[in-house]
Amino acid sequence: LGHISRLLRQPDEAATQYADAITRFEALAAGAPGTATYRQELADANNWLAETLRPQPARVSEAAQAYDRALSLQQALLDAEPANADYARQIARTHYNRGILRAGADDLAQSEADFSSAVRLLEPQADTHAGAAQELARALNNLAGLLTMTGARSNEARELYERAITIDERLVAETPDNREYQLELAKFCNNLAALLSDLGQPAAAEA
């Protein structure tokens, strides 16, 4: 229900529903501390609560706290099962979501750390798992965008955009009907074009 309200752009209702889910998952986790599923779902609910709160300037602090709770839970799960690919993808997603929050708050160093953590976690899975590859491309694009904000790391940003584009070109080739892949590939190409234009490379930017 929280997901539905969020997609319907009803953030207050979504936040209330996610908070209710969190309370219920906390009770389940406390009653069965050995059940990883409850802690996994609890972390997921905290991540989505944070995603709902993040666009609201007055609730940025609450969003940060929810991301922190999600990451703490996810890190504990991953520490207990380092080979669990699902856990790695979930913590990577929360890292780059928090990275977006921190970038918006001009906390660039911590934002870069979050995006870099997401990249590190997703890279081992990107060749074999389409979801991980898509998430990796997003994390690379976000990290590149962050580096362009510093004004002194344009070459690094270009390499990251090119990596994101290469990944999404493969995804589009493998699943040509996936419009989400096409949309994200277009965004990444546009971002690289803007950077190349700023670098005084109009021919490369036009391409």
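Structural data are supplied above this passage.
Residues numbered from 1 in each chain as written. Predicted model: local features only at pLDDT ≥ 70, side-chain atom pairs only at ≥ 80, totals over all residues. Heavy atoms only, no water.

Here we come to the overall build of the chain. Within the chain one finds 10 helices and 0 strands. The order of α-helices and β-strands along the chain, N terminus first, is α-α-α-α-α-α-α-α-α-α. Taken over the C-alpha trace, the chain has a radius of gyration of 18 Å; the compact-globule value for 207 residues is 17 Å, and the two agree within 12%. Dimensions of the chain, computed from the C-alpha atoms along their principal axes, are close to 60 × 40 × 30 Å. Residue burial in the chain is summarised as follows: out of 207 residues, 43% are buried. Pairs at least 24 residues apart make up 53% of the contacts formed inside the chain by residues separated by at least 6 positions. (Helix = DSSP H or I, 4+ residues; strand = E, 2+ residues; numbered from the N terminus. Rg over C-alpha atoms; globule rule 2.2 N^0.38 Å. Buried < 20%, exposed > 50% of the residue type's maximum accessible area, 1.4 Å probe, protein only. Contact = heavy atoms within 4.5 Å.)

It is worth spelling out the side chain of Arg 89 at this point. Within the fold, Arg 89 resides in helix α5 (residues 85–104). There is a polar contact of 2.5 Å between the side chain of Arg 89 and the side chain of Gln 125. Excluding anything up to four places from it in sequence, Arg 89 contacts Leu 122, Gln 125, His 129 and Ala 132. (Polar contact = N/O pair within 3.5 Å; in protein donor to acceptor, adjacent residues only side chain to side chain.)

This part covers the environment of Arg 98. In this structure, Arg 98 sits in helix α5. For the pair Arg 98 and Ala 133, spaced 35 residues apart in sequence, the C-alpha separation works out to 19 Å. Each residue touching Arg 98, except ones within four places of it in the same chain, is listed here: Tyr 67, Asp 68, Leu 71 and Asp 114.

The grouping of Leu 1, Ile 4 and Leu 8 at the surface amounts to a nonpolar patch, some 340 Å² of accessible area in total. Turning to its location among the elements, Leu 1 is positioned in the segment before α1 (2–7). Classification of Leu 1 by relative accessible area gives exposed; the value is 68%. (Patch = residues over 30% accessible without salt bridge, like charges linked within 9 Å, V, L, I, M, F, W, Y side chains within 5 Å. Areas by Shrake-Rupley, 256 points an atom, 1.4 Å probe, with all protein chains shown as cover. Salt bridge = Lys/Arg side-chain N within 4 Å of Asp/Glu carboxyl O.)

Helix α9 (residues 179–198) packs onto helix α8 (residues 154–174) with a crossing angle of 155° between their chain directions and a minimal axis gap of 9 Å. In terms of orientation, α8 lies roughly antiparallel with respect to α9. The handedness of the crossing between α8 and α9 comes out as left-handed. Here Ser 154, Ala 157, Arg 158, Tyr 161, Glu 162, Ala 164, Ile 165, Asp 168, Glu 169, Leu 171 and Val 172 of α8 come into contact with α9, specifically with Tyr 181, Gln 182, Glu 184, Leu 185, Phe 188, Cys 189, Asn 191, Leu 192, Leu 195 and Leu 196. Of the residues that constitute the contact of α8 with α9, the class distribution is 13 nonpolar, 3 polar and 5 charged. (Axes fitted to C-alpha atoms, helices over the stretch in contact; angles between N-to-C directions. Parallel < 35°, antiparallel > 145°, perpendicular 65-115°, else oblique. Left-handed = near helix turned anticlockwise from the far one by under 90°. Nonpolar A, V, L, I, M, F, W, Y, C, P; charged D, E, K, R; others polar.)

Taking 1.5 Å per residue as the helical rise, α9 with its 20 residues ought to reach 28 Å, and the 29 Å between its terminal C-alpha atoms agrees with that figure. Buried positions along α9 lie against α7 (130–150), α8 and α10 (202–206). For α9, the N-terminal capping position is held by Asn 178, with its side-chain oxygen 3.0 Å away from the main-chain nitrogen of Glu 180. Just downstream of α9 lies Gly 200, where phi reads positive at about 75°. (Expected span 1.5 Å × (residues − 1).)

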